[in-house]
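Architecture and fold: a report
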Amino acid sequence: VEKISSRTKFFPSDNKFRDGIRNSSLYGKKSEKFFLLAYEKDLTKDLPERIYNNIKIESTDHILPQSWKGTGGSIKNPDWKDVNEKESFEKLRHTWGNLLPMSVRLNSIKSNKSFSEFKSDLKTMSRFETTAQWNKEVAEKDDWTLSDIEKRNSKISKWAINRWPFYKSRYS
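This section reports on the structure supplied with the text. Counting restarts for each chain, with residues numbered from 1 along the sequence as it is written. Confidence filtering applies because this is a predicted model: local features only for residues at pLDDT of at least 70, side-chain atom pairs given and counted only at 80 or more, and all residues used for totals across whole chains, interfaces and linings. Excluding hydrogens and water, the side-chain figures rest on all heavy atoms present in the structure.

1. Quick word on the side chain of Ser-59
Per the convention used, a helix needs a DSSP run of H or I reaching at least four residues, while a strand needs a run of E reaching at least two, with both numbered from the N terminus. Along the chain, Ser-59 falls in strand β1 (residues 59–62). Exposure remark for Ser-59: the relative accessible area of 12% places this residue in the buried category. One polar contact links the side chain of Ser-59 to the main-chain carbonyl oxygen of Ser-103, over a distance of 3.5 Å. Side-chain polar atoms of Ser-59 contact the side chain of Asn-107, separated by 3.2 Å. Partly exposed describes any residue whose relative accessible area lies between the buried limit of under 20% and the exposed limit of over 50%, with all areas from a 1.4 Å probe on protein chains only and scaled to the type maximum. Residues adjacent in sequence count toward polar contacts only when both atoms are side-chain atoms; beyond that, a polar contact is any pair of N or O atoms within 3.5 Å, and within protein one must be able to donate a hydrogen and the other to accept it.

Right, here's the structure in full:
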């Protein structure tokens, strides 16, 4: 049997894949837009007008800001109440659960607005189903916390494992 060469180093088990989604940075990786777009396409597959073939992800936004600003570990935006552990913040800020697809224009408009201000903007201005569903989930919330990122990472990891399950063959 001839060996097939690949740049892929390994195919992770479901547990490793889940842990990777929950604990690893997606932001800035070559695969970032691939994964965001796959999730977006899955969320839009049952919509009456199948527009997902024309979707392009121009930029990615951090729900919880990616910068740790200010002194004493606090950030300038008063709506972010649960960023008191810099280590947890550093671990979670670039994970999938803290990222939303966004147009460059909307990302610029959002900038570093407060949670309630940008939540309202996203509700009326975003064209992405990912963002619409996230907005529904946080409609009653006053802030976005590290715990919320962890919960969203868990939700996305369940979807991803269902979408790309590990296939263990007799050769693996």
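Still more to cover.
2. Details of the nonpolar core
It is characteristic of soluble globular proteins that their nonpolar side chains tend to be buried jointly. One finds Phe-17, Ile-21, Tyr-39, Trp-96, Trp-159 and Ala-160 to be the most contacted residues of the largest nonpolar core, which totals 17 residues. For this core, the elements supplying multiple residues, two or more each, are α1 (14–23), α2 (32–44) and α7 (146–163). Broken down by element, the residue count for this core peaks at 5 residues, all from α2. In plain words, nonpolar cores are sets of buried Ala, Val, Leu, Ile, Met, Phe, Trp, Tyr and Cys residues tied together by side-chain atoms within 4.5 Å. Formed by 15 residues, the second largest nonpolar core is a distinct cluster that contains Ile-63, Phe-115, Phe-118 and Val-138.

3. Considering the packing of aromatic side chains
Stacked, tilted and edge-to-face are the three classes applied to pairs of Phe, Tyr and Trp rings, where Trp contributes its six-membered ring and a pair requires centres within 6.5 Å; stacked means planes under 30 degrees apart, edge-to-face means over 60, and tilted covers the rest. One pass over the full model with this rule turns up 13 aromatic pairs. Ring centres of Phe-34 and Trp-164 lie 5.9 Å apart, and the angle between their planes is 35°; this geometry places the pair in the tilted category. Linking Phe-34 in helix α2 with Trp-164 in the segment after α7, this pair joins segments that are 130 residues apart in sequence. Looking at Trp-164, the relative accessible area reads 22%, which means it is partly exposed. Through pairs of rings, three or more aromatic residues link up here, namely Phe-17, Phe-34, Phe-35, Tyr-39, Trp-96, Trp-159 and Trp-164. The criterion for a charge sitting over a ring is simple: Lys NZ or Arg CZ within 6 Å of the ring centre, and within 35 degrees of the ring normal. Stacked on the ring of Phe-118, the Lys or Arg Lys-110 has its end atom at 4.5 Å from the ring centre.

4. Some words on the packing of α2 against helix α6 (residues 129–137)
It is the contact of α2 with α6, at a shortest axis distance of 8 Å, that shows an interaxial angle of 75°. One way to sum up the angle between α2 and α6 is to call them roughly perpendicular. Across the interface between the two elements, Tyr-39, Glu-40, Leu-43 and Thr-44 from α2 touch Glu-129, Thr-130 and Gln-133 from α6. Helix axes use the C-alpha atoms of the stretch in contact, all axes being lines fitted to C-alpha atoms, and the angles between their N-to-C directions lie in the range 0 to 180 degrees. Every angle not falling under 35 degrees, over 145, or within 65 to 115 is termed oblique; those three ranges are roughly parallel, roughly antiparallel and roughly perpendicular. Contacts are assigned to residue pairs with any non-hydrogen atoms lying within 4.5 Å of each other.

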